[in-house]
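Below are the chains, spelled out letter by letter.
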Amino acid sequence: MAKSLNRILVGDALATLKKLETASVDMCLTSPPYFRLRDYGNGEQLGLEHRVDDWAAAIRDIAREVHRVLVPTGTLWLNLGDTYAMHPRQGAPTKSLLLAPERVARLLQQDGWILRNSIVWAKPNPMPSSVRDRLTAAHEVIYLFAKQSRYHFDLDAIRLPHASRPGRRAPPGSRHPPKRQDWRGPNANRTNGLRRLQQEGKIGHPLGKNPGDVWTVPTVPGTGSHHAAFPRALAERCILAGTPAARCRTCRMPWVSPIRRLGQTAVRLAVQPQCSHIGAPEPGVVLDPFIGSGTTAVAAEELDRNWVGIELNATYAKEATQRVEDVRAA
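In what follows, the accompanying structure is described. (Residues numbered from 1 in each chain as written. Predicted model: local features only at pLDDT ≥ 70, side-chain atom pairs only at ≥ 80, totals over all residues. Heavy atoms only, no water.)

## Quick look at empty space enclosed by the protein
In this approach, a probe sized like a water molecule rolls over the atoms, and the result shows the empty space that is left. Tallied over the full model, the rule gives one cavity of 30 Å³ or more. Each pocket or cavity is described by its volume, and for the largest cavity that value is around 60 Å³. Cys28, Thr30, Pro32, Ile59, Ile62, Ala63, Val66, Leu76, Leu78, Leu108, Pro289 and Phe290 are the residues that line the largest cavity. Contributing elements (two or more residues each) for the lining of the largest cavity: strand E2 (25–30), helix H2 (52–69) and strand E3 (70–80). The element best represented in the lining of the largest cavity is H2, accounting for four residues. Grouping the constituent residues of the lining of the largest cavity by class yields eleven nonpolar, one polar and no charged. (1 Å grid on protein atoms, 1.4 Å probe; cavity = no way out; pocket = protein on both sides within 12 Å on 5 of 7 lines; lining within 4 Å. Points joined across faces, edges and corners; volume = space filled by probe spheres on them. Helix = DSSP H or I, 4+ residues; strand = E, 2+ residues; numbered from the N terminus. Nonpolar A, V, L, I, M, F, W, Y, C, P; charged D, E, K, R; others polar.)

## What about the environment of Leu240?
Along the chain, Leu240 turns up in helix H5 (residues 232–242). When its relative accessible area of 23% is taken as the criterion, Leu240 is described as partly exposed. Put simply, Leu240 and Phe153 are 87 residues apart on the chain and 8.7 Å apart in space, counted from C-alpha to C-alpha. Sequence-distant contacts of Leu240, defined by excluding residues within four places in its chain, comprise Asp154, Ala157, Ile158, Leu303 and Arg305. (Buried < 20%, exposed > 50% of the residue type's maximum accessible area, 1.4 Å probe, protein only. Contact = heavy atoms within 4.5 Å.)

## Overview of the sheet that holds strand E6 (residues 214–216)
Read across the sheet, eight strands follow the order E1-E10-E9-E2-E3-E5-E4-E6 without closing on themselves; strand pairing throughout is mixed. Of all strands in the sheet, those bounded by a partner on one side alone are strand E1 (7–10) and E6. Each adjacent strand pair in this sheet contributes to an overall mean axis angle of 20 degrees, direction not counted. Note that E1 and strand E10 (residues 306–311) share four bridges and pair parallel. Note that in E10 the partner of Leu9 across the bridge is Ile310. Set on the sheet, H2 makes contact with E2, E3 and strand E9 (285–288); between it and E3 the angle comes to about 155 degrees. Along the sheet, helix H6 (residues 295–302) makes contact with E2, E9 and E10, crossing E10 at roughly 170 degrees. (Pairing = 2+ DSSP bridges. Axes fitted to C-alpha atoms, helices over the stretch in contact; angles between N-to-C directions.)

## Structural notes on unusual backbone geometry
Backbone geometry at Ala23 places phi at a positive 50 degrees, although glycine is not the residue there. Mapped onto the elements of the fold, Ala23 is located in the loop between helix H1 (13–17) and E2. Looking at Ala23, the relative accessible area reads 25%, which means it is partly exposed. At Arg252, a position not held by glycine, the phi torsion is positive, near 65 degrees. Along the chain, Arg252 turns up in the loop between H5 and strand E7 (259–262).

## Structural notes on the environment of Ala13
Tracing the backbone shows Ala13 in helix H1. C-alpha of Ala13 to C-alpha of Phe290: the two residues are 277 residues apart in sequence and 6.9 Å apart in space. Those residues in contact with Ala13 that sit more than four places away from it in its chain are Ile62, Pro289, Phe290 and Ile310.

## What about the side chain of Asn313?
With respect to the element layout, Asn313 can be found in the loop between E10 and helix H7 (314–329). A polar side-chain atom of Asn313 sits 2.9 Å from the main-chain amide nitrogen of Thr315. (Polar contact = N/O pair within 3.5 Å; in protein donor to acceptor, adjacent residues only side chain to side chain.)

Scope: geometric values only; no functional claims are made or implied.
Put into structure tokens, the structure is as follows:
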């Protein structure tokens, strides 16, 4: 694995993934070519299949290899966009949304992936459209998949400031439904924790609020020859949550940052091991099998994580490598 770290491997994503070490990566963050929306000038590229189900099946094959190379606590963050059918043979009536991301999600669930979030990437500056019989598409999805029910997810690293300020203590039972809550279904969220915080005069977690699953992040211009750049701000948030700052060199178990509460505030302590192995840790590793313009690598460099990139197009790989070198030299 050491030979692949912090470099871009030029080649087919599936074939190159098969060469990577099993259980060596903490997180995969990637945005594969969408169905029939980009032509990257390579006959072997993903995305130009004739049927959307063939495209989804190709991503499923890649996800199976990602599953193998992820550590047990690893996650897959998969950015996908949808498009419209130009002909029924593509998989839906003409002019209909193909539901391409949903098709991929269902296939991965069938393979045992646990779908934990469907994050909406809301674009305040979407691509202008001249279409007059529907709304402009202004979002994409980022699916968060986990290999197992207990996985590494650092929510505290991506919390946002609270919008409101602490107020008076709420009297017991105020601003809440009656104790009898027969209206709640078996899958409904419970509010016990929020109620307790309000009764103590707190507005929420002392480190900030959960950012939720709608992330408003502007699109960015393409970098170099690549025309579908992933915003660095989006990549950084995913990596902070999904890739540990440190992990055990022996078992690759993520190190964690405990929280010490100090009255109404809290601080994060230095990362600590979760295993009994002795020795200094190493940075966590993020993988991007479709690294394109290199945004995942740049974000990982800025956050002091290790990374591995794969890119089919040699020109993109060269430009992305130079982009990483520029970051290192800055």
